[in-house]
Amino acid sequence: MKTAVFTGGGTAGHVLPAVPVMRALQRRGVEVVFIGGADGLERRYLEGLDDVRFFGIASGKLRRYWSWRNLTDVARVLRGVWQSLRLIGRIRPSVVFSKGGHLSFPVVLAARMRGIPIVAHESDFSPGLANRLAMPFLDALCTSFPMRRPGSLRGELVHTGSPVRPELLAGSAARGRKLVQAPAGRPVVLVTGGSLGADALNEVVVEAAPELVRECCLVHVCGPGKRTGPHLPGYRQYEFVGPDWGDMLAAADLVVSRAGSNTLFELLSLGKPNLLIPLPARASRGDQIQNADYAAEAGYSRVIQQEQLDASTLVNAVLGMLSEKDAWAARLARFEALPAVDLMVALIERTSAPSN
């Protein structure tokens, strides 16, 4: 295998989990190319991978509901397919790996038209729209969690788990506690709403902060442009955390988070007690609710639905979990994190076409 094309985009979760796989292939001498959005959003997520060539294409958003914008986006998707056809014809990869998201579908379709093998990864319990559309074209589908075989899947179904970035596994609790200025013996509660933040969660955290800081160091990652928190001793607010994220996670005694599949898999792999507030069904396709239900039923997470979330509920849940920290840690120790990168690399190598 000489060259592998990676694709995915729309959110960080459709790019960042693929990075450890890309690095592993590079160590094997494989040239890695990434095809993402022409606006460069995916390029920013790949900062630090200077030896990965990046190409941008047009792509319309894939929606599950009627909108007049669907009409113009169909044209953008077709343009993206045409651009992908030209790129793949020029690059001549041995395999295409898709992490999903609306930007991936034009590349997957173009790869099938060019006769290039395709491997995809699905993070959630039920495939997203882009992966559902791609099913008939896939040679293999990797999954983060055990999944029933989709009826439209053309290739094999392989439970690989999800790659966890090495920098998260190497996080230092000591560095993290120093960074957030946590006093000795004081538990650290880390709150994150994902890469873009979560307004509903932010509002409740700010309201609950005065009571929570009596018992813990509260670290609140609120999202870009959303920094409005109170000035309280023991309350630290950040719009975004970059290279220090692994250290912050290591320092956290409890993480309060949305229930995105990649975030959930990272928390379970790191053995972090976690309180999940999934995105409600009215604002999503219900995937976060499914993720949270799985984690709660397995005993790995406590869940509060957003409709039941208020300052009092949050405070009671956080303080209750901190008082039972050892019990949560024991339950999380049962979670088995598969060697996802090794399994995925082996599958990619087995699926790829002979080098030209």
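The rules behind these values
- Residues numbered from 1 in each chain as written.
- Predicted model: local features only at pLDDT ≥ 70, side-chain atom pairs only at ≥ 80, totals over all residues.
- Heavy atoms only, no water.
- Helix = DSSP H or I, 4+ residues; strand = E, 2+ residues; numbered from the N terminus.
- Rg over C-alpha atoms; globule rule 2.2 N^0.38 Å.
- Buried < 20%, exposed > 50% of the residue type's maximum accessible area, 1.4 Å probe, protein only.
- Pairing = 2+ DSSP bridges.
- Disulfide = S-S within 2.5 Å.
- Polar contact = N/O pair within 3.5 Å; in protein donor to acceptor, adjacent residues only side chain to side chain.
- Contact = heavy atoms within 4.5 Å.
- Axes fitted to C-alpha atoms, helices over the stretch in contact; angles between N-to-C directions.

A. Broad picture of the overall build of the protein chain. Helix and strand content of the protein chain: 14 helices and 13 strands. Scaling as 2.2 N^0.38, a compact globule of 356 residues should have a C-alpha radius of gyration of about 21 Å, and the protein chain matches this with 21 Å. Summarising its shape, the C-alpha atoms of the protein chain cover approximately 65 × 45 × 35 Å along the three principal directions. Looking at the protein chain residue by residue over its 356 residues, the buried ones come to 56%.

B. Structural view of the pairing of strand β1 (residues 3–7). Across the five residues of β1, five count as buried, placing the element largely inside the fold. The alternating pattern of β1 places Thr3, Val5 and Thr7 and Ala4 and Phe6 on opposite faces, both of which are buried. Both β1 and strand β2 (residues 31–37) contribute to a ladder of five bridges, which runs parallel. Looking at β2, one finds that Thr3 is bridged to Glu31. Here β1 pairs with strand β4 (residues 95–98) via four bridges, running parallel. Across the sheet, residue Phe6 finds its bridge partner in β4, namely Phe97.

C. Representation of the state of the cysteines in the model. Applying the stated criterion to the full structure yields zero disulfides. Unpaired in this structure, Cys216 has its nearest cysteine sulfur neighbour in Cys217, at a distance of 7.2 Å. On the basis of relative accessibility, which here comes to 1%, the residue Cys216 falls in the buried class.

D. Structural context of the side chain of Gln26. Summarising the element assignment, Gln26 is placed in helix α1 (residues 19–27). Only 3.3 Å separates the side chain of Gln26 from the side chain of Asp51, close enough to count as a polar contact. If near-sequence neighbours (up to four positions away) are discounted, Gln26 is found in contact with Val32, Asp51 and Val52.

E. Structural context of the sheet that holds strand β3 (residues 53–57). One open sheet accounts for seven strands, arranged β3-β2-β1-β4-β5-β6-β7; its pairing is parallel. Strands at the two margins of the open sheet, each flanked by one partner only, are β3 and β7 (156–159). Taken over all neighbouring pairs, the strand axes of this sheet differ in orientation by 20 degrees on average, direction set aside. Sheet analysis places strand β6 (residues 140–143) next to β7, joined by four bridges and oriented parallel. Counted as the bridge partner of Cys142 is Val158 from β7.

F. Representation of the pairing of strand β11 (residues 254–257) in the model. Burial along β11 is two-sided: the residues Leu254 and Val256 and Val255 and Ser257 are all buried. Here strand β8 (residues 188–192) runs beside β11; their pairing, made up of four bridges, is parallel. Paired with Leu190 across the strands is Val255, a residue of β11. As paired strands, β11 and strand β12 (residues 274–276) are joined by three bridges and run parallel to one another. The residue bridging Val255 from the neighbouring strand is Asn274, located in β12.

G. Representation of the sheet that holds strand β9 (residues 217–221) within the structure. A sheet is described by the order of its strands in space; here six strands give the open sequence β10-β9-β8-β11-β12-β13, paired in parallel fashion. At either end of the open sheet lies a strand with only one pairing partner, and these are β10 (235–238) and β13 (301–303). Ignoring strand direction, the axes of neighbouring strands in this sheet form an average angle of 20 degrees. Strands β8, β9, β10 and β11 of the sheet are contacted by helix α8 (residues 199–212), whose axis makes an angle of about 165 degrees with β9.

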